[in-house]
Amino acid sequence: MPPTPLTDWLGFDPHLVTLALAPAFLLAMAAEFWQLQRGGGPASARYTWADTFSNMTLAGLYQASDVLAALGTILVYNAFFDVRLFDIPFNAWTLALLFVIQDFFYYWFHRAHHRIRLFWCSHVVHHSSERLNLSTAFRQSVTYPLTGMWLFWLPIVIIGFPPETVVFAVAISLAYQFFIHTQLVAKLGPLEWVFNTPSHHRAHHGRNGEYIDRNYGGILIIWDRLFGTFVEETRAPDYGIPERIDSHNPLVLSFHEWKSLIADLKRPDLRWGQKLQMLLAPPERARELRERGRDMERVKGIEPSS
């Protein structure tokens, strides 16, 4: 790809921004680990070898799949950029506008990956740990390319923002979100009204009833306030997912929900409409249908399947 104004401005390829920030991520993790070792923070924030190794392995698998997917994504983005709606110049104002627009689309990407079972099969990986520290940010899914993560940024390219600037904005958003995966930072006063903070994101990772499916924002929390998905952190969250997964095996963590989805779709007692719900309805609907099937088996005197 030839040099772009953004490449000239940064001094390196914008696709490499997260790699360029890797030393900052590792230093922040080391500082958090040191503080936790001194006794500052709850037990659920502590690093363990098993959990941290799983997180780092999942990050490696995700990066490998992301590199492969990026090759196709850039081709698609460039093709749609050729039929863009507007010619948007590159300057500080349009870059600031891009960050706001990207954050808006990130909100809907994130919300969809919680509320659509097919997408949740990928995103569940990020929520499966019962701990929360900076290493949790690395806990990503190798199957994101299958659930169309790239598709949510496509409208921004069609509007007229160059693909490399869109990729850069997404990377900065994800880099920011690394730093909110911590329990060592208290509430941040007036910043809590506008920005997604560690407090807001702790609530997002909670499996307590009041915290589930809340605070989807990336850098900004204003979208949650506008669309009714905001919740304040009022008590220490219980981290993890409703259906606990007791494994640190990266392959189990990556594919356990996909395995469950395939088993649900193969069930002979479900009508086609119910199977479609298993695929596209919120995850709790799948749990309801599964439990209803077990109740029917009990009525018939059949031992419920697992």
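One can find the structure itself at the top, above this paragraph.
In this text the structure is predicted, and so the values were computed from the model without any measurement.

Visitor: Please give an account of the overall build of the protein that cites residues and values.
Guide: A tally of regular secondary structure across the protein gives 13 helices and zero strands. In sequence order, the protein lays out its α and β elements as α-α-α-α-α-α-α-α-α-α-α-α-α. Expressed along its principal axes, the backbone C-alpha trace of the protein runs to roughly 70 × 55 × 35 Å. Among the 306 residues that make up the protein, the fraction classed as buried is 47%. Sequence separation of 24 or more characterises 72% of the internal contacts of the protein that already satisfy a separation of 6 or more. Surface exposure of the protein reaches about 15,300 Å², of which carbon and sulfur atoms provide 68%.

Visitor: An account of a nonpolar patch on the surface is needed here, citing residue identities and associated values.
Guide: Residues Leu184, Val185, Leu188, Leu191, Trp193, Val194 and Phe195 make up a contiguous nonpolar surface patch of about 580 Å² in total accessible area. Along the chain, the position of Val185 falls in the loop between helix 8 (163–178) and helix 9 (198–204).

Visitor: Lay out the packing of aromatic side chains in plain terms, naming residues and giving numbers.
Guide: Counting across every chain of the model gives 22 aromatic pairs. For the ring pair Phe25 and Phe178, a centre distance of 4.5 Å and an interplane angle of 40° mean the geometry is tilted. Of this pair, Phe25 sits in helix 3 (residues 22–37) while Phe178 sits in helix 8, and the two are 153 residues apart along the sequence. Between the aromatic rings of Tyr62 and Tyr144, the centroid separation amounts to 6.1 Å while the plane-to-plane angle is 80°, which identifies the pairing as edge-to-face. One end of the pair, Tyr62, is in helix 4 (residues 49–81); the other, Tyr144, is in the loop between helix 6 (117–127) and helix 7 (154–159), with 82 residues separating them in the sequence.

Visitor: How would you summarise the nonpolar core if you had to cite specific residues and measurements?
Guide: Among the nonpolar cores identified, the biggest contains 22 residues, and Leu98, Phe109, Trp153, Ile156 and Val166 are the most heavily contacted of them. Those elements that place two or more of their residues in this core are helix 4, helix 5 (92–115), helix 7 and helix 8. Among the elements that make up this core, the one with the highest residue count is helix 5 (seven residues). Excluding anything up to four places from it in sequence, Phe109 contacts Tyr144, Met149, Phe152 and Trp153.

Visitor: Pulling in residues and values, what's your account of the packing of helix 5 against helix 8?
Guide: Contact pair helix 5 / helix 8: the axes reach a minimum separation of 10 Å and the direction vectors enclose 70°. Looking at the two axes, helix 5 sits roughly perpendicular to helix 8. As helix 5 runs across helix 8, the sense of the crossing is right-handed. Judged by residue contacts, Leu98, Phe99, Gln102, Asp103 and Tyr106 of helix 5 engage Thr165, Val166, Phe168, Ala169, Val170, Ile172, Ser173, Leu174 and Gln177 from helix 8. In the contact of helix 5 with helix 8, the residues fall into nine nonpolar, four polar and one charged.

Visitor: Residues and numbers for the pattern of salt bridges, please.
Guide: A pair can form between side chains of opposite charge whenever their charged atoms are brought close. Scanning the model with the defined rule gives 16 salt bridges in all. Ionic pairing is found between Asp51 and Arg139, a salt bridge with its closest N-O pair at 3.5 Å. Of this pair, Asp51 sits in helix 4 while Arg139 sits in the loop between helix 6 and helix 7, and the two are 88 residues apart along the sequence. Assigned by exposure class, Asp51 and Arg139 land together as buried. Overlapping salt bridges bring together Arg117, Glu243, Glu257, Asp264 and Arg290 as one network.

Visitor: So what's going on with unusual backbone geometry? Residues and values would help.
Guide: With phi around 60°, Asp213 is a residue other than glycine that occupies positive phi space. Residue position: Asp213 is located in the loop between helix 9 and helix 10 (222–227). The buried category is assigned to Asp213, whose relative accessible area is 17%. The phi torsion at Asn215 lies on the positive side, around 55°, for a residue other than glycine. Positionally, Asn215 belongs in the loop between helix 9 and helix 10.

Thresholds applied
- For every chain, the first residue of its written sequence is number 1, and the numbers climb from 1 along that sequence.
- Given that this is a predicted model, residues contribute local features only at a pLDDT of at least 70 and side-chain atom pairs are listed and counted only at 80 or more, while totals for whole chains, interfaces and linings are drawn from all residues.
- The side-chain values count all of the structure's non-hydrogen atoms but skip hydrogen atoms and water molecules.
- Secondary structure elements are taken from DSSP: a helix is a run of H or I of four residues or more, a strand is a run of E of two residues or more, and numbering for both begins at the N terminus.
- Each residue's exposure class comes from its accessible area (1.4 Å probe, protein chains only) as a fraction of the maximum for that residue type: buried when under 20%, exposed when over 50%, partly exposed otherwise.
- Contacts are assigned to residue pairs with any non-hydrogen atoms lying within 4.5 Å of each other.
- Surface exposure here means Shrake-Rupley accessible area, sampled with a 1.4 Å probe, where a residue is shielded only by the protein chains that are shown.
- Patch membership needs two things, relative accessible area over 30% and no salt bridge, and members are linked within 9 Å if like-charged or within 5 Å if nonpolar (Val, Leu, Ile, Met, Phe, Trp, Tyr).
- Only one rule defines a salt bridge in this text: a Lys or Arg side-chain nitrogen within 4 Å of an Asp or Glu carboxyl oxygen.
- Here a pair means two rings of Phe, Tyr or Trp (six-membered ring of Trp) with centres within 6.5 Å. Their orientation is stacked below 30 degrees between planes, edge-to-face above 60, and tilted elsewhere.
- What makes a nonpolar core is a set of buried Ala, Val, Leu, Ile, Met, Phe, Trp, Tyr and Cys residues whose side-chain atoms join them at distances within 4.5 Å.
- Axis lines are fitted to C-alpha atoms, over the contacting stretch for helices. Their N-to-C directions set the angle, which ranges from 0 to 180 degrees.
- An angle below 35 degrees is read as roughly parallel, one above 145 as roughly antiparallel, one from 65 to 115 as roughly perpendicular, and any other as oblique.
- Definitions for this section: a left-handed crossing has its near helix turned counterclockwise from the far helix by less than a right angle. A right-handed crossing has that turn clockwise.
- Ten residues, namely Ala, Val, Leu, Ile, Met, Phe, Trp, Tyr, Cys and Pro, are considered nonpolar, four, namely Asp, Glu, Lys and Arg, are considered charged, and the remaining ones, Gly among them, are considered polar.

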